Amino acid sequence: MQAIKKQLTLQLKRNQLFYQQNRYIASQHRQFHNSSLNQSDEIRKIVTSPIFYVNATPHIGHLYTAILCDAITRYHKLNGEQVLFSTGTDEHGQKVQKKAIEAGIDPKKFCDKNSDQFKSLFTLAQIDYDRFIRTTDTDHKVAVWDFWNRLKDRGYIVEGVHEGYYSVNDESFISEKDLKADQSGGFTTETGEKLEFISEKNYIFDIDSRLKKVIESWIKDAIIKPDHIRNKLLDELHTRKSDISVSRPTSRISWGLKVPNDGSQTIYVWLDALVNYLTVLGYPQNMRQNGKEIGEMIHVVGKDIAKFHCIYWPAFLAADDLPLPKKIINHGHWLKNNMKMSKSIGNVIDPYEILKSYGSNSVRSYFLSQGPQSKDRNFEMNDLIDHHNQIICDQYLNLLQRISGKKILKNRTQLQPLNDEQIQYIGVSFESSINELSDQVIKHFEEYDFVSAFTIIEQILYLGNHLLAENQFWNIKENEQIEALLFTTFEILRVSSILLQPYIPQLASGMLDVQNIQDRALINAKVNLKREINLNMLAKEKVYLAKVEPQQTQPQQKNRK
Ligand code: MSP
């Protein structure tokens, strides 16, 4: 324990030195870039996930947030837009410090180990990020110190005293209205964490009346989902105390960035963490300042951290004259047995286990199609297994199996455009029905509603399966009719695979390879009865998944160490 404390003190000294050196470098950068803004004029979208605490290993709630961000990013890319997607780990603060000390490991090593777990999980789940940021990264430290100085120079950060009940779990003082009295006469959070009353010297950020107005109109105008959260936020803005404590005494929390020129205080972990969204853009050296466009920020967060993103963050940004986020998507929580997952209750689902058992495609599409985008949702292993077996295997992959057997497909490697008779045979409304459904999917994508979009994609797949069954294609002798059915089924597979890319990137890509499809953007998700289909049946091997037996594959609910 002593050794760890010593390491922490040493680390702090290093931070302070590092800060002093970098303040100079950052100010040089700022001078240079204010005179020559070299960023391209194109507005890009910046999709961010929250950065994850490394006090424990990831659970499915974390995985869900990351998958949702990844799907949103993929949607924008498929829509032909410029997108940057960042994720990462939040490594400073009291709860990480506490766990590192308990584990008897140097905090940085503790963070390295747990941060790597998030990285490897994301690789397994096909999370295709552009930057994995860690708050212990050098460029991030420079950004935080620079940001702090800007806010301080502008008079927004002042010395003060802060009193209240502090939750280590939430890394936040808890508002009086959210305190729950316990039997011993003390207070707990809603989730039962016992709270301690603290009165200490802190630096204070004041959400003054000018900032309050800016935040209020931003909450009213910005795209904040779900809609019903808006009133709660406005209520919080008006009823809360207007100052935010933005530092902690180093004697209590030493694992963090020290306040510039005051080693007795450590920068509040939430201020440190929120600045990651600027670091990934190259702040301070590579960013437009003073209200100019930096791109459209799209933050995806769980509803538990809405306050930090919809009140604190816009206040900090406005204090530095930076543009406010364009969209904040607040999703619901995955529950187990109707309770929030937590290690102490022992109801945590291990994301590695489910990825190993069912594969990333089924897990991703299960989460996205069932996900708690606006409400909480119970996680049921059997729902995931049903999704894997009935939707991914039976409805989607089996559609290819049904038309690609030797008896049906024979040696065909090409299919010609349909003639008028074949179109009559399939039904003249085939094209418009599929295209209407595809349009609906894309509309839902625009709203990031992956749940509703998926139900429509299922309808497209159903039409494909139904067409084969209704025409009893296995009994047909007429070559022209067989080819018409093969053609339309391959079209359904092409259109649905383009639409399924945000859900099942690997399988959808394999399915498109079977037809040598190059144009995979969403605008191509339209039926084309006049194209020539060229098949590459060797690629078929990549689009097979075995079904699983529910009773044999229940992964244990265990905690990873
Ligand atoms: N470190 C902060 C975020 C800082 S962002 C500047 C944090 N980290 S966290 O690890 O506790 O949570 C990360 C994300 O996981 C949050 O969006 C949170 O809502 C989400 N989830 C945690 N548990 C969850 C579920 N059970 N279900 C769905 N998502 C939940 O907060």
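Conventions adopted
- Residues numbered from 1 in each chain as written.
- Predicted model: local features only at pLDDT ≥ 70, side-chain atom pairs only at ≥ 80, totals over all residues.
- Heavy atoms only, no water.
- Helix = DSSP H or I, 4+ residues; strand = E, 2+ residues; numbered from the N terminus.
- Contact = heavy atoms within 4.5 Å.
- Areas by Shrake-Rupley, 256 points an atom, 1.4 Å probe, with all protein chains shown as cover.
- Core = buried A, V, L, I, M, F, W, Y, C linked by side-chain atoms within 4.5 Å.
- Buried < 20%, exposed > 50% of the residue type's maximum accessible area, 1.4 Å probe, protein only.
- Patch = residues over 30% accessible without salt bridge, like charges linked within 9 Å, V, L, I, M, F, W, Y side chains within 5 Å.
- Salt bridge = Lys/Arg side-chain N within 4 Å of Asp/Glu carboxyl O.
- Lys, Arg positive; Asp, Glu negative; His and termini not counted.
- Charge placed at Lys NZ, Arg CZ, Asp CG, Glu CD.
- Phe/Tyr/Trp six-rings, centres within 6.5 Å; stacked < 30°, edge-to-face > 60°.
- Near = heavy atom within 4 Å.
- Polar contact = N/O pair within 3.5 Å; in protein donor to acceptor, adjacent residues only side chain to side chain.
- 1 Å grid on protein atoms, 1.4 Å probe; cavity = no way out; pocket = protein on both sides within 12 Å on 5 of 7 lines; lining within 4 Å.
- Points joined across faces, edges and corners; volume = space filled by probe spheres on them.
- Pairing = 2+ DSSP bridges.
- Axes fitted to C-alpha atoms, helices over the stretch in contact; angles between N-to-C directions.
- Expected span 1.5 Å × (residues − 1).
- Right-handed = clockwise from strand over helix to strand, strands pointing away.

Labelled according to an unreviewed UniProt entry, the protein chain appears under the name methionine--tRNA ligase, originating from Stylonychia lemnae.

Draft legend 1. Representation of the overall build of the protein chain within the structure. When its secondary structure is counted, the protein chain shows 18 helices and 20 strands. Of the contacts made within the protein chain by residues no fewer than 6 positions apart, 79% connect residues no fewer than 24 positions apart. A total accessible area of about 24200 Å² is found for the protein chain, and carbon and sulfur atoms account for 48% of it.

Draft legend 2. Region of interest: the nonpolar core. Among the nonpolar cores identified, the biggest contains 106 residues, and Ile354, Phe367, Phe379, Tyr396 and Tyr503 are the most heavily contacted of them. Looking at this core, the element that brings in the most residues is helix H17 (residues 479–500), giving 12 residues. Excluding its chain neighbours within four sequence positions, the residues that come into contact with Tyr396 are Ile391, Leu461, Leu493, Ser496, Ser497, Leu500, Ile504, Leu507, Ala508 and Met511. Formed by 64 residues, the second largest nonpolar core is a distinct cluster that contains Ile215, Ile229, Met297 and Trp313.

Draft legend 3. Representation of a negative patch on the surface within the structure. A grouping of Asp420, Glu421, Glu478 and Glu480 is seen on the molecular surface, where their side chains present a negatively charged patch. By relative accessible area, Glu421 is classed as exposed at 62%.

Draft legend 4. Local environment of the packing of aromatic side chains. In this structure the tally under the stated criterion is 31 aromatic pairs. Judged by centre distance (5.9 Å) and plane angle (85°), the ring pair of Tyr366 and Phe379 falls under edge-to-face. Within this pair, whereas Tyr366 is found in helix H11 (residues 351–370), its partner Phe379 is found in the loop between strand S18 (377–378) and helix H12 (381–404), the two being separated by 13 residues in sequence. By relative accessible area, Tyr366 is classed as buried at 1%. Here the aromatic residues Tyr75, Phe445, Tyr448, Phe450, Phe454 and Tyr503 are joined through ring pairs into a cluster of three or more.

Draft legend 5. Region of interest: the pattern of salt bridges. Tallied over the full model, the rule gives 32 salt bridges. Between Arg364 and Asp70 there is a salt bridge; the shortest N-O distance is 2.6 Å. With Arg364 in helix H11 and Asp70 in helix H2 (residues 60–78), this residue pair connects regions lying 294 residues apart in the sequence. Under the relative-accessibility criterion, Asp70 is labelled buried at 1%. Two residues, Glu353 and Lys356, come together in a salt bridge whose shortest N-O distance is 3.8 Å. You can see Glu353 and its partner Lys356 sitting in helix H11, three residues apart, about one turn around the helix. A relative accessible area of 16% places Glu353 in the buried class. Several salt bridges converge on common partners, so that one network encompasses Glu91, Lys108, Asp112 and Arg134.

Draft legend 6. Focus on unusual backbone geometry. The omega torsion of the bond from Lys225 to Pro226 falls at -10°, within 30 degrees of zero and hence cis. Along the polypeptide, Pro226 turns up in the loop between strand S9 (223–225) and helix H7 (229–239). Between Tyr283 and the following residue, Pro284, the backbone shows a cis peptide bond with an omega angle of 5°. Tracing the backbone through its elements, the reader meets Pro284 in the loop between helix H9 (276–279) and strand S14 (296–302). Despite not being glycine, Glu171 shows a phi value in the positive range, around 50°.

Draft legend 7. Seen up close, the site of the ligand. Of all residues adjacent to the ligand, which total 23 residues, the nearest are Ile51, Asp90, Gly302, Asp304 and Trp334. The separation between an oxygen atom of the ligand and a polar side-chain atom of His62 is 3.3 Å. Taking Gly302, its main chain carries an N or O atom lying 2.8 Å from an oxygen atom of the ligand. Computed on the free molecule, the ligand has an accessible area of 660 Å², of which 95% lies beneath the protein chains in the complex. Of all the secondary structure elements, the ones that give two or more residues to the shell around the ligand are strand S1 (45–53), H2, helix H8 (269–274), H9 and S14.

Draft legend 8. Empty space enclosed by the protein, seen in detail. Going through the model one piece at a time under the given rule, you end up with three cavities of 30 Å³ or more. Taken as a whole, the largest cavity encloses approximately 60 Å³ of empty space. As for the largest cavity, its lining consists of 13 residues, of which Gly93, Ile253, Ile267, Tyr268 and Val269 are closest to the centre.

Draft legend 9. How the structure looks around the environment of Ile476. For Ile476, the location among the structural elements is in the loop between helix H16 (450–470) and H17. In sequence terms Ile476 and Ile408 are 68 residues apart; their C-alpha atoms lie 9.7 Å from each other. Not counting residues up to four positions away in its chain, the partners in contact with Ile476 are Tyr425, Asn471, Gln481, Ile482 and Leu485.

Draft legend 10. Representation of the sheet that holds strand S10 (residues 243–245). Within the open sheet, the four strands sit side by side as S5-S4-S8-S10. Their pairing is antiparallel. Among the strands making up the open sheet, the edge pair consists of strand S5 (172–174) and S10. The average angle at which neighbouring strand axes cross in this sheet is 55°, direction not considered. The pairing of strand S4 (residues 157–167) with S5 spans three bridges and is antiparallel. Paired with Ser167 across the strands is Ser172, a residue of S5.

Draft legend 11. A look at H17. The first and last C-alpha atoms of H17 sit 31 Å apart over 22 residues, in line with the 32 Å expected at 1.5 Å per residue. Of all the 22 residues making up H17, 18 are buried; the element is thus mostly covered by neighbouring parts of the structure.

Draft legend 12. A look at the side chain of Ser86. Position of Ser86 among the secondary structure elements: in strand S2 (residues 83–90). Excluding anything up to four places from it in sequence, Ser86 contacts Val47, Thr48, Ser49, Arg131 and Val280.

Draft legend 13. Spotlight on the environment of Lys177. Examined against the element boundaries, Lys177 turns out to sit in the loop between S5 and strand S6 (180–181). For the pair formed by Lys177 and Arg240, sequence separation is 63 residues and the distance between their alpha carbons is 9.1 Å. Setting aside its immediate chain neighbours within four residues, Lys177 contacts Glu236 and Thr239. A polar contact of 3.0 Å, which involves the side chain of Lys177, links it to the side chain of Glu236.

Draft legend 14. View of the pairing of S2. Taken across its eight residues, S2 has eight buried, putting it largely inside the fold. Here seven bridges tie S1 to S2, and the two strands are oriented parallel to one another. Bridging from a neighbouring strand, Val47 pairs with Phe85 of S2. In this fold, the crossover linking S1 to S2 by way of H2 has right-handed handedness. Relative to strand S3 (residues 131–134), S2 runs parallel, the two being bridged by four bridges. Bridge pairing in S3 links Ser86 to Arg131.

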